[in-house]
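# Analysis of the macromolecular model
Next come the chains, spelled out residue by residue.
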Amino acid sequence: MNSYNVYRNLLSAYGPQGWWPLLQRNSWPGYSQEGYHPGVYSLGLTPNERFEIITGAILTQNTSWANVRSSLTTLLMNCSFGPEYLRSAGHTELAALIRSSGYYNQKAKKLKTTAEFFLQRGAANDTPPSRKELLAIWGIGPETADSILLYAYHAPVCVVDAYSMRIFNRLEYRGSAEEGLWTYMGLQGKFHDELPADVEVFNEFHALLVEHGKRYCTSRNQKCSKCPLNSECRFVEQNS
DNA sequence: GCCCAGGAGCATA
DNA sequence: TATGCTCATGGG
């Protein structure tokens, strides 16, 4: 299944998603109360806005965004996402602030190690770190690294997540047949091959896959009859 | 009560 | 390289 066809189909069905949400801008024109900004991509980010995205990317690991937003609101009131605060805060204090995101002991440690990395880079934070540097940080894996590169630095990198795997495994009916399931790097390579190297396309594509995974391609009780991709999905074909 | 959510680290084989 | 386990809250 061609990723660009999927992208165009989902964009047509759902429209621009307004990622990555920025709570700090929730009173700006074009921004929703929750910080979404559909169709607005290219405004520069302040250091604290960039670090809000980095913080959110870590807190949302295996966690719903509603839980993360609650933590981000608390952090915004306490430190406005200044990384100096995350470094200096006590573990127990920080863990309490991000409690609603779950895994709060692990994530408190992840936030501190990440804050330390970016504080040491200092002025170099205007340019993106390498993917390898990000992966070397304790608490940052492939998806979080790519989310930081794409959404905090506008680098042309595709983000793959559990939804992407589920959707493309189903579209191609992988796993139940002779083909193996998609891996992170395998699916990212496919996306990079098939999509135009455009930051706005990559931005929307990942967000659209998340929306699609929530609305129709759910883990169970999937809603195939109303799915905008059902005419080209081998999972539907095999189960009808 | 169970399952899932915008994953990653670590031990084991 | 590839599984399996752990981390943890909050909504459906």
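Structure shown above.
The notes below deal with the structure included here. (Residues numbered from 1 in each chain as written. Chains lettered and ligands numbered in written order. Predicted model: local features only at pLDDT ≥ 70, side-chain atom pairs only at ≥ 80, totals over all residues. Heavy atoms only, no water.)

## Focus: the overall build of chain A
The secondary structure content of chain A amounts to 12 helices and 0 strands. The linear arrangement of helices and strands in chain A, starting from the amino end, is α-α-α-α-α-α-α-α-α-α-α-α. Its C-alpha atoms give chain A a radius of gyration of 18 Å, near enough to 18 Å, the size a compact globule of 240 residues would have. Projected onto its principal axes, the C-alpha positions of chain A cover 55 × 40 × 30 Å. Out of the 240 residues belonging to chain A, those deemed buried represent 49%. By element, 51% of the accessible surface of chain A is carried by carbon and sulfur atoms, the whole surface being about 11,300 Å². In chain A, 23 side chains carry a positive charge and 22 a negative one; their mean positions are 7 Å apart. (Helix = DSSP H or I, 4+ residues; strand = E, 2+ residues; numbered from the N terminus. Rg over C-alpha atoms; globule rule 2.2 N^0.38 Å. Buried < 20%, exposed > 50% of the residue type's maximum accessible area, 1.4 Å probe, protein only. Areas by Shrake-Rupley, 256 points an atom, 1.4 Å probe, with all protein chains shown as cover. Lys, Arg positive; Asp, Glu negative; His and termini not counted. Charge placed at Lys NZ, Arg CZ, Asp CG, Glu CD.)

## Side note on the protein's contact with DNA strand B
Around DNA strand B lies a shell of 27 residues, among which W20, G139, T144, Y163 and K214 are the nearest. Counting only the atoms of DNA strand B within 4 Å of the protein, the fraction contributed by sugar and phosphate is 68%. Separating a base oxygen of DNA strand B from a side-chain N or O atom of Y36 is a distance of 3.0 Å. One of the side-chain N or O atoms of R220 is found 3.3 Å from a phosphate oxygen in DNA strand B. (Near = heavy atom within 4 Å. Polar contact = N/O pair within 3.5 Å; in protein donor to acceptor, adjacent residues only side chain to side chain.)

## A few points about the state of the cysteines
Summed over all chains, the structure comprises 0 disulfides. With no disulfide of its own, C233 lies closest to C224 among cysteine sulfurs, the gap being 6.3 Å. With a relative accessible area of 11%, C233 lands in the buried category. (Disulfide = S-S within 2.5 Å.)

## Remarks on helix α6 (residues 104-121)
Between its first and last C-alpha atoms α6 spans 26 Å; for 18 residues at 1.5 Å apiece the expected length is 26 Å, and the two agree. Elements that come into contact with the buried residues of α6 comprise α2 (47-59), α4 (83-88), α5 (91-97), α7 (131-135) and α8 (142-152). Positioned one or two residues after α6, G122 has a phi angle of 55°, which is positive. (Expected span 1.5 Å × (residues − 1). Contact = heavy atoms within 4.5 Å.)

## Things to note about unusual backbone geometry
A cis amide bond links W19 with the next residue in sequence, W20, at an omega value of -15°. Locating W20 in the fold gives a position in the loop between α1 (3-14) and α2. The phi torsion at N62 lies on the positive side, around 50°, for a residue other than glycine. Structurally, the position occupied by N62 is in the loop between α2 and α3 (65-79). We note that Y173 has phi near 50°; this positive angle belongs to a residue other than glycine. Inspection of the secondary structure puts Y173 in the loop between α9 (162-171) and α10 (184-194). Take Y173: its relative accessible area is 17%, and that puts it in the buried class.

## A word on the protein's contact with DNA strand C
Taken together, N62, N67, R99, S100, G102, Y103, Y104, N105 and Q106 make up the full set of residues adjacent to DNA strand C. Counted by atom, the contact set of DNA strand C within 4 Å of the protein is 56% sugar and phosphate. Between DNA strand C and N67, the relevant distance is 3.0 Å, taken from a sugar or linking oxygen to a side-chain nitrogen or oxygen of the residue. Separating a phosphate oxygen of DNA strand C from a backbone N or O atom of Q106 is a distance of 3.2 Å. At 3 residues, the largest contribution of residues to the surface near DNA strand C is made by α6. Classifying every residue of the surface near DNA strand C gives 2 nonpolar, 6 polar and 1 charged. (Nonpolar A, V, L, I, M, F, W, Y, C, P; charged D, E, K, R; others polar.)

## Description of α3
Taking 1.5 Å per residue as the helical rise, α3 with its 15 residues ought to reach 21 Å, and the 20 Å between its terminal C-alpha atoms agrees with that figure. For α3, the full list of buried residues reads W65, V68, S71, L72, L75 and C79. The arc enclosing the buried residues of α3, seen along the axis, measures out at 115°, which places them on a common side. The elements touched by buried residues of α3 are α2, α4 and α5. Of the residues flanking the end of α3, it is S80, one or two places downstream, whose phi is positive at about 50°. (Arc of directions from axis to C-beta.)

Keep in mind these numbers describe shape, not what the thing actually does.
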